[in-house]
Amino acid sequence: MTDGDRFAPRFMTDQELRQWFGLSERALDRLRATRFFPPRDALVNKTDRRSVEVFFDRRAGLDSHPRIGGTPAAVDGEENFGD
């Protein structure tokens, strides 16, 4: 977790999303028009920042951090290919 994550709200308004991710109003509108961009939560009328981070990670071809849904690799023992 970075210091920025610690102080950033989990749910953000569109204005906060634009500022946090460096998006113009037009860019966010275009992203919202796709079916892949995370929608606003109906109860709070804000968007989950972590789901937007995962969206951008996937667009960039990056694995998501384990704390936001990725599955970390684990060493499960020594391999034995001779058997």
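Residues numbered from 1 in each chain as written. Predicted model: local features only at pLDDT ≥ 70, side-chain atom pairs only at ≥ 80, totals over all residues. Heavy atoms only, no water.

1. Observations regarding a nonpolar patch on the surface
- Judged by side-chain polarity, Phe 11, Leu 43 and Val 44 come together as a nonpolar surface patch covering roughly 320 Å² of accessible area.
- Secondary-structure assignment places Leu 43 in the loop between helix 3 (25–32) and strand 2 (47–48). (Patch = residues over 30% accessible without salt bridge, like charges linked within 9 Å, V, L, I, M, F, W, Y side chains within 5 Å. Areas by Shrake-Rupley, 256 points an atom, 1.4 Å probe, with all protein chains shown as cover. Salt bridge = Lys/Arg side-chain N within 4 Å of Asp/Glu carboxyl O. Helix = DSSP H or I, 4+ residues; strand = E, 2+ residues; numbered from the N terminus.)

2. Here's the deal with the nonpolar core
- Judged by nonpolar contacts, Ala 8, Met 12, Leu 17, Leu 23, Leu 28, Leu 31, Phe 37, Val 52 and Phe 55 together constitute the single largest core of nine residues.
- Looking at this core, the elements with two or more residues in it are helix 3 and helix 4 (49–59).
- With near-sequence residues (within four places) excluded, Leu 28 lies in contact with Asp 14, Leu 17, Arg 18, Leu 23 and Phe 37. (Core = buried A, V, L, I, M, F, W, Y, C linked by side-chain atoms within 4.5 Å. Buried < 20%, exposed > 50% of the residue type's maximum accessible area, 1.4 Å probe, protein only. Contact = heavy atoms within 4.5 Å.)

3. Notes on the environment of Glu 16
- Examined against the element boundaries, Glu 16 turns out to sit in helix 2 (residues 14–21).
- Using a relative accessible area of 32% as the deciding quantity, one classes Glu 16 as partly exposed.
- Sequence separation between Glu 16 and Lys 46 is 30 residues, and the spatial gap between their C-alpha atoms is 9.6 Å.
- Apart from residues lying up to four places away in sequence, Glu 16 is in contact with Pro 9 and Phe 11.

4. Let's talk about the confidence of the model for the protein
- With 70% of its residues at a pLDDT of 70 or more, the protein shows a mean pLDDT of 83.
- Throughout residues 70–76 the model reports pLDDT below 50, and contacts reaching past four residues in sequence, or to other chains, amount to three contacts. (pLDDT = per-residue confidence, 0-100.)

5. Section: the pattern of salt bridges
- Applying the stated criterion to the full structure yields four salt bridges.
- Across the salt bridge formed by Arg 10 and Asp 48, the nearest N and O atoms sit 2.9 Å from each other. Note that Arg 10 is positioned in the loop between helix 1 (3–7) and strand 1 (11–12) and Asp 48 in strand 2, a separation of 38 residues in sequence.
- Here Arg 40 makes a salt bridge to Asp 14, at a shortest N to O gap of 2.5 Å. Placement of the pair is Arg 40 in the loop between helix 3 and strand 2 and Asp 14 in helix 2, with a sequence separation of 26 residues.
- Connected via shared salt-bridge partners are Asp 14, Arg 32 and Arg 40.

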